[in-house]
Structures are given as C-alpha cells and as structure tokens.
Amino acid sequence: MKQGKKVDLELLAEVIAGTVKGVRPAKRPQCIERFRFDEITRDACIRRIRYLRKAYGLQWLVDQATFNRPALETLEDSELSALLSTMERARECAVEGIAFEDAGLVRDTSRLLPGAAT
C-alpha cells in the first residue's frame, strides 16, 4: 500500500508540474521596507546626534541631512538612522584626520532646491 501511495504522489507531482509549465509566478508587490523606532530608541538616536554635533563640530552635517526640513525631529526613522551612521563615520574621520570631502560626506545640497538642475 505504501508503494501505491508513492506512485500516486509521483503522478500527482507530474500533473501539477505539467499544469504550471510556462506559468509565471505572480509578481510580489515591491513593498517599501519601513521600520519604526520606539520612543526610547528614537530619543537615544537624537541625543547621540546632538552629542556628536556639539563634540565634533558636525552641525554642518545635521544641516545637510535636514536641508529643506524644519528640524532634526522631523526626520523619518530611516533618515535618522542614516544620519547617525553618517555622523559616527564623520567622528571617526575627525579622530583619524581624514578630510570629510575625502570620505564622501559632503554633498551638494543645491540640487535639492526647487528648479535646480539634476
């Protein structure tokens, strides 16, 4: 009886394989990966950014990240995370004597202005 089940399953597998030949799987919608910080994590990121800004003279980096935005607190969680990562990298550059331009940290914010050529 076990052998009969095996044959039936193989036959079923062949039938299924035959019916799906040439059929493309449905495309999954591309979802934007969003994550949310809780209030404690978000506050810790903002405090660390403020500390690095003051301790290493990185106000220009915060200004660059918040260009055309009212304040640091208005950044999305993903933007806040990216800024903190960039600031930690800038801190390392400052300690090791690497120019911010050489590290690729300075961006042209004029491209973000309305009507600017891209």
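Quick look at the structure, then.

Conventions used here
- Residues numbered from 1 in each chain as written.
- Predicted model: local features only at pLDDT ≥ 70, side-chain atom pairs only at ≥ 80, totals over all residues.
- Heavy atoms only, no water.
- Helix = DSSP H or I, 4+ residues; strand = E, 2+ residues; numbered from the N terminus.
- Buried < 20%, exposed > 50% of the residue type's maximum accessible area, 1.4 Å probe, protein only.
- Contact = heavy atoms within 4.5 Å.
- Areas by Shrake-Rupley, 256 points an atom, 1.4 Å probe, with all protein chains shown as cover.
- Expected span 1.5 Å × (residues − 1).
- Polar contact = N/O pair within 3.5 Å; in protein donor to acceptor, adjacent residues only side chain to side chain.

## Some remarks on the overall build of the chain
Reasoning step 1: Across its full length, the chain carries four helices and zero strands.
Reasoning step 2: Across the chain, helices and strands are ordered from the amino to the carboxyl terminus as α-α-α-α.
Reasoning step 3: Burial analysis of the chain (118 residues in total) assigns 19% to the buried set.
Reasoning step 4: Across the chain, the fraction of contacts at a sequence separation of at least 24, relative to all contacts at a separation of at least 6, is 63%.
Reasoning step 5: Working note: accessible area of the chain is about 9600 Å², and carbon and sulfur atoms make up 54% of it.

## As for helix α4 (residues 77-96)
Reasoning step 1: The end-to-end C-alpha distance of α4 is 29 Å, a good match for the 28 Å that 20 residues give at a rise of 1.5 Å each.
Reasoning step 2: What α4 keeps buried is the set Asp-77, Leu-80, Leu-83, Leu-84, Met-87, Glu-88, Ala-90 and Cys-93.
Reasoning step 3: Contacts made by the buried residues of α4 are with α2 (39-56) and α3 (59-65).
Reasoning step 4: Positioned one or two residues after α4, Gly-97 has a phi angle of 75°, which is positive.

## Points about the side chain of Asp-77
Reasoning step 1: Mapped onto the elements, Asp-77 comes out in helix α4.
Reasoning step 2: Of the polar contacts made by the side chain of Asp-77, one reaches the side chain of Arg-42; its length is 2.6 Å.

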